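Chain residues, written in single-letter form:
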Amino acid sequence: MSNKLTILWLRQDLRLNDNSALQAAIEAGGPILPVYIDDREAMGDWAPTGASLWFLHRALESLEASFKKSGGQLFYLKGDSLAELKALIDSSGAGRVYWNRRYEGPHRERDAAIKKALRDAGIEVKSCNTSLLNEPHTVSTGSGQPYKVYTPYWRNVKERKLEPPVEVDLKTADFYTNKSMGCQLEDLKLLPDHPWHRKLEAYWDVSEESAMKYLDKFLAEPVAAYDTDRDLPRVAGTSRLSPYLHWGLIGPRQVMERLHATHDLREQGPQTYAKEIYWREFAYNVLYHFPHTPDAPLQEKYADFPWEYDKSVLKQWQQGRTGYPIVDAGMRELYETGWMHNRVRMIVSSLLVKHLLQDWRDGARWFWDTLVDADLASNTLGWQWSGGCGADAAPYFRIFNPMTQGKKFDPDGDYVKHWVPELKHIPTKFIHEPWEAPPSVLEQAGCQLGEDYPEPIIDHKKGRERALAAFDKVKAS
Ligand SMILES: Cc1cc2nc3c(=O)[nH]c(=O)nc-3n(C[C@H](O)[C@H](O)[C@H](O)COP(=O)(O)OP(=O)(O)OC[C@H]3O[C@@H](n4cnc5c(N)ncnc54)[C@H](O)[C@@H]3O)c2cc1C
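Residues numbered from 1 in each chain as written. Predicted model: local features only at pLDDT ≥ 70, side-chain atom pairs only at ≥ 80, totals over all residues. Heavy atoms only, no water.

- The protein chain is annotated in an unreviewed UniProt entry as Deoxyribodipyrimidine photo-lyase from Coraliomargarita sinensis.
- Regarding the protein chain, the UniProt comment filed under Catalytic activity (unreviewed entry) reads as follows: "cyclobutadipyrimidine (in DNA) = 2 pyrimidine residues (in DNA)." (UniProt positions renumbered as here; feature names shortened; annotations may be inferred.)

Structure representation (structure tokens):
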């Protein structure tokens, strides 16, 4: 224990509970200065943007209020992280800087450089884990290689002892305050200029408390049927915790502890839910070991895949006007709420990459702008899975049939009718393939194809054959 001031550098760990670096700072003794530095340049092309920045703004607002309640102050700075930390050390007289680790390539390099520079300057530096159950450098195959397939990864980690959430002793925390230091949250200009983000307000209650509330609500009932309901987009069968996990308003240790406390993990629903939490871990494992994958396929043979790069096709997909109802419903749900159901993410990405032969990176980029849970690890894994070119990916020749997927997972068409109101009077029999409906049925439903709702952007059979031909070329090369 010493009276030196500790800077607590917050990034994707925007919570007070179960925050390892915060507790370490409390235990170190002396006042704590929590700071968020807006350093989007450091992330280059993959800096947070769009919907994700809106979520970040709200998360910081809420965290600021939580610190205030505990007698603390959350400081904001903007600029290069090292330069800002050094200036802050000079102006506050801090002797320590603590943070929770990040795993994306640009962050790891930057954090290592900052650690060295600060230590060279005589500052005590400590980094902790608060966002994963098992950090990537702690998991490898028997021959010391990183896992590229989920099931053996899961087998390796599933029996490992889970760390409990860190008890943060806020009562003994002493906070540094200084009203004239740093800038205001508004000065970071995280909220997009486009008024689009205002819609998001209706769908998300952004705070550490609401994350816990959502978890409890999910564990009280939906988790029991998660194994089946998680595939039905019109059923509230998933936890919707992804943006909270991404920005660290809740951590996986907290989720797993509550899951174990309330359920027997031998039961199908809770076990499948735990496995999804480990899919997130697996995504971080892949990104950590293969940091180039947001921009290049893990499987190198796909590097020169003959994509079509058609801007008008990409736009129709983005706008939810492909003529495939389940796809359009998903794309509109995304633009309206900043979130899309996982099953539908798989369907829309498959259509873009396979039927439409558009580069998976263009799809990933659109998701990056529009998802509140945009996450470099999970987004990259998801898109490379759909593109058949990543870790544990769906083989390229396995091509989702959007009609079959729609009928299976949205059997009454409720999801489609909700998000694509042009189709709301189409009988269920035709809801996933309105072009099969006789003209009289379409007329009665008040829906003229090509006018009120588009014809399919590509014929399913043609799209499938074209995708397979492109794949054959890659296989042959
Ligand atoms: C093309 C594509 C892109 C995706 N992009 C993202 C993304 O940017 N950010 C993101 O968090 N997830 C992404 N996913 C994974 C998944 O769709 C979301 O995590 C999930 O829909 C979030 O909803 P939920 O919180 O209700 O999930 P739940 O079903 O309640 O699952 C609980 C948690 O487990 C994790 N999880 C669940 N499924 C997956 C998965 N397949 N991969 C990794 N983690 C998972 C998430 O953290 C999730 O919050 C993507 C999937 C695909 C197919």
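From this point, the discussion proceeds with the structure in view.
Here we look at the side chain of histidine 432
Inference 1: Residue placement: histidine 432 occurs in the loop between α17 (414-419) and α18 (439-444).
Inference 2: Histidine 432 gets classed as buried once you look at its relative accessible area, which sits at 4%.
Inference 3: For histidine 432, the side chain forms a polar contact with the main-chain oxygen of glycine 406, separated by 3.1 Å.
Inference 4: The residues contacting histidine 432, other than those within four sequence positions of it, are Pro325, Ile326, Met403, Gly406, Lys407, Asp410, Gly413 and Val416. (Helix = DSSP H or I, 4+ residues; strand = E, 2+ residues; numbered from the N terminus. Buried < 20%, exposed > 50% of the residue type's maximum accessible area, 1.4 Å probe, protein only. Polar contact = N/O pair within 3.5 Å; in protein donor to acceptor, adjacent residues only side chain to side chain. Contact = heavy atoms within 4.5 Å.)

Regarding the packing of helix α14 (residues 360-370) against helix α15 (residues 376-386)
Inference 1: Closest axis-to-axis distance for the α14/α15 pair is 10 Å, and the angle between their directions is 145°. The two elements α14 and α15 cross, and the hand of that crossing is right-handed. Across from Trp360, Gly363, Ala364, Phe367 and Trp368 in α14, the residues of α15 making contact are Leu376, Asn379, Trp383 and Gln384.
Inference 2: Of the residues contributing to the contact of α14 with α15, the split by class is six nonpolar, three polar and no charged. (Axes fitted to C-alpha atoms, helices over the stretch in contact; angles between N-to-C directions. Left-handed = near helix turned anticlockwise from the far one by under 90°. Nonpolar A, V, L, I, M, F, W, Y, C, P; charged D, E, K, R; others polar.)

A closer look at the UniProt feature "binding site: FAD" (unreviewed entry) in the protein chain
Inference 1: The feature "binding site: FAD" (unreviewed entry), as given by UniProt, occupies Tyr226, Thr238, Ser239, Arg240, Leu241, Ser242, Tyr273, Asp373, Ala374 and Asp375 in the numbering adopted here. Spanning 150 residues, the annotated positions stay apart in the fold, the maximum distance between their C-alpha atoms being 22.8 Å.
Inference 2: Beyond its immediate sequence surroundings of up to four residues, threonine 238 is in contact with Phe218, Tyr226, Arg230, Trp339 and His341.
Inference 3: Along the chain, serine 239 turns up in the loop between α7 (226-229) and α8 (242-247).
Inference 4: Apart from residues no more than four positions distant in its own chain, serine 239 is found in contact with Tyr214, Phe218 and Tyr273.

Things to note about the sheet that holds strand β3 (residues 75-78)
Inference 1: If you walk across this open sheet you meet the five strands as β3-β2-β1-β4-β5, and the pairing is parallel. The two strands at the open ends of the sheet, each matched to only one other strand, are β3 and β5 (124-128). Shown here is a sheet whose adjacent strand axes are inclined to one another by a mean of 25°, direction ignored. (Pairing = 2+ DSSP bridges.)

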